[in-house]
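Letter by letter, the chains look like this.
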Amino acid sequence: VSTAVLNGFNFQEIQQARKGAVSSCRYLLLAQRAESIANRVSKHWDEFLPEEREKLKELAHDLVEPSKDLNSIPAWISAILRLLILRARGQSEAFYALCDALDRLADNIFDAIEREDPAYYSVIADTLEEAISSPDAGQKLEPEEIRGWLGKLSDRAVEEV
Amino acid sequence: VVGSENYQIVPWKKFEISYDKLIKAHYKKDKKAREAFDDLLGDFLKELCLDPRPDRTQQQPSPGNSYAEDFEFRKMRWRRLPGLRGAARFGRLLYIVCDSKRLIYPFWIYTHEEFGEPKNQPPSKDLAREILLIQEDTDSKANDADMPDVSVVSIEGEQQ
């Protein structure tokens, strides 16, 4: 079904695109491909071949890997300049569309990784048992109490470190 | 009358422990980001009180159990948790909706980073260890908490 899923969609080109080194048309084309793969991952993950799934997992991790290029002030200046150039060329909208599509693709792949994990459903099954046996257990919070409750939990966690 | 009432949040110990773990792992040094995260989650839980099934959440398959009809599992995914980078910025909240009692049970919050790198670590082992740790913590705190008893969990053939 999906043997050619990553054809025409290589990481080097994506990296080049992120650096502002491709044309507007190419941004939009890559964004469309990313969207298309993201949808297939979301709906048909089971239909991908095992080696394709592995490639997609690697791709997702590569996509979200924090850029080491941005660890210095000159690198930041360079990135800002690239964004300004994209804007001047009228490519910024296409660029952001690609960034969003790639982010959605990584998110869908991560979700698929989580869902295919047998332990994920162990947690759900265990929690269901808990809910059935004691549905009324636990204090009930009104909406206005929620933020205070989270703040207390959060402060307590930090104090314990 | 029932239809006009808001849902209420029931915070289980299981959720609190996973929340505690997330804060310690990612927000112990950055107070501003931590507060932004608390706000993000708080606003979302408040939203659930009005609408427990927002469009951006997804229903999760339930285990095949006839008693499960009244309990719907849902998942919320964030792509940019405040102040986090890499796989850690992808946050997830799992919760149950019980319409007959108009209750919402958040039970697990985590980031994708907890699942480990695919190249060097089998994800299910990492997740299984994570869940066992949560389960052990829950068991040890169950006596002094206002919560239901924790049942036996079985992960990949292991019995706790």
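Colleague: An account of the interface of chain A and chain B is needed here, citing residue identities and associated values.
Modeller: The interface is formed by 57 residues belonging to chain A together with 72 residues belonging to chain B. A combined buried area of about 5900 Å² lies between chain A and chain B, and 60% of that area is made up of carbon and sulfur atoms. There are 14 salt bridges connecting chain A and chain B. Here D111(A) makes a salt bridge to K75(B), at a shortest N to O gap of 2.5 Å.

Colleague: I'd like to hear about the packing of aromatic side chains, residue by residue, with values.
Modeller: Counted by the stated rule, this structure contains 14 aromatic pairs over all chains. Each member of the aromatic cluster is reached from another via a ring pair, and the members are W149(A), F15(B), Y19(B), Y27(B) and F37(B).

Colleague: For a nonpolar patch on the surface, give the residues involved together with the corresponding values.
Modeller: All names here are of chain A. A cluster of nonpolar residues, I73, W76, I77, I80, L81 and L84, forms a patch on the protein surface that exposes about 630 Å² of accessible area. Take I77: it is sitting in helix 4 (residues 73–88). Judged by its relative accessible area of 46%, I77 is partly exposed.

Colleague: Please set out the packing of helix 3 (residues 50–64) of chain A against helix 5 (residues 92–115) of chain A residue by residue, giving values where relevant.
Modeller: Residues and elements named next belong to chain A. Contact geometry for helix 3 and helix 5: axes closest at 9 Å, N-to-C directions at 130 degrees. Comparing the axis directions of helix 3 and helix 5 gives the class oblique. Of the two possible hands of crossing, helix 3 and helix 5 adopt the one that is left-handed. Residues L56, K57, L59, A60, H61, L63 and V64 of helix 3 lie in contact with helix 5, whose contacting residues are L102, L105, A106, I109, F110 and I113.

Colleague: Can you break down unusual backbone geometry residue by residue, with the values?
Modeller: One non-glycine residue, R102(B), lies in the positive phi region at around 55 degrees. Mapped onto the elements, R102(B) comes out in the loop between strand 4 (91–98) and strand 5 (103–111).

Colleague: Lay out helix 2 (residues 24–44) of chain A with the relevant residues and their values.
Modeller: Note that an α-helix has 3.6 residues per turn; residues three or four places apart therefore point the same way. Residues and elements named next belong to chain A. If you check helix 2, its first and last C-alpha atoms are 30 Å apart, about what 21 residues at 1.5 Å a residue would give, namely 30 Å. Of the residues making up helix 2, those classed as buried are Y27, L30, A31, A34, I37, A38 and V41. Angularly, the buried residues of helix 2 cover 135 degrees about the axis, an arc narrow enough to put them on a single face. Across helix 2 from its buried face, at more than 90 degrees, point the exposed residues C25, Q32 and K43. Those residues of helix 2 that are buried lie in contact with helix 1 (11–18), helix 3, helix 4 and helix 5.

Colleague: Break down the environment of E113(B) for me, with residues and values.
Modeller: Residue and element names in this part refer to chain B. Within the secondary structure layout, E113 lies in the loop between strand 5 and helix 3 (123–141). Using a relative accessible area of 42% as the deciding quantity, one classes E113 as partly exposed. Taking the C-alpha atoms as reference points, E113 and G91, separated by 22 residues in sequence, lie 9.0 Å from one another. Ignoring any residue separated from it by four or fewer positions in sequence, one finds E113 in contact with H26, A87 and A88.

Calculation rules
- Residues numbered from 1 in each chain as written.
- Chains lettered and ligands numbered in written order.
- Predicted model: local features only at pLDDT ≥ 70, side-chain atom pairs only at ≥ 80, totals over all residues.
- Heavy atoms only, no water.
- Contact = heavy atoms within 4.5 Å.
- Buried area = accessible area lost by both parts, 1.4 Å probe.
- Salt bridge = Lys/Arg side-chain N within 4 Å of Asp/Glu carboxyl O.
- Phe/Tyr/Trp six-rings, centres within 6.5 Å; stacked < 30°, edge-to-face > 60°.
- Patch = residues over 30% accessible without salt bridge, like charges linked within 9 Å, V, L, I, M, F, W, Y side chains within 5 Å.
- Areas by Shrake-Rupley, 256 points an atom, 1.4 Å probe, with all protein chains shown as cover.
- Helix = DSSP H or I, 4+ residues; strand = E, 2+ residues; numbered from the N terminus.
- Buried < 20%, exposed > 50% of the residue type's maximum accessible area, 1.4 Å probe, protein only.
- Axes fitted to C-alpha atoms, helices over the stretch in contact; angles between N-to-C directions.
- Parallel < 35°, antiparallel > 145°, perpendicular 65-115°, else oblique.
- Left-handed = near helix turned anticlockwise from the far one by under 90°.
- Expected span 1.5 Å × (residues − 1).
- Arc of directions from axis to C-beta.

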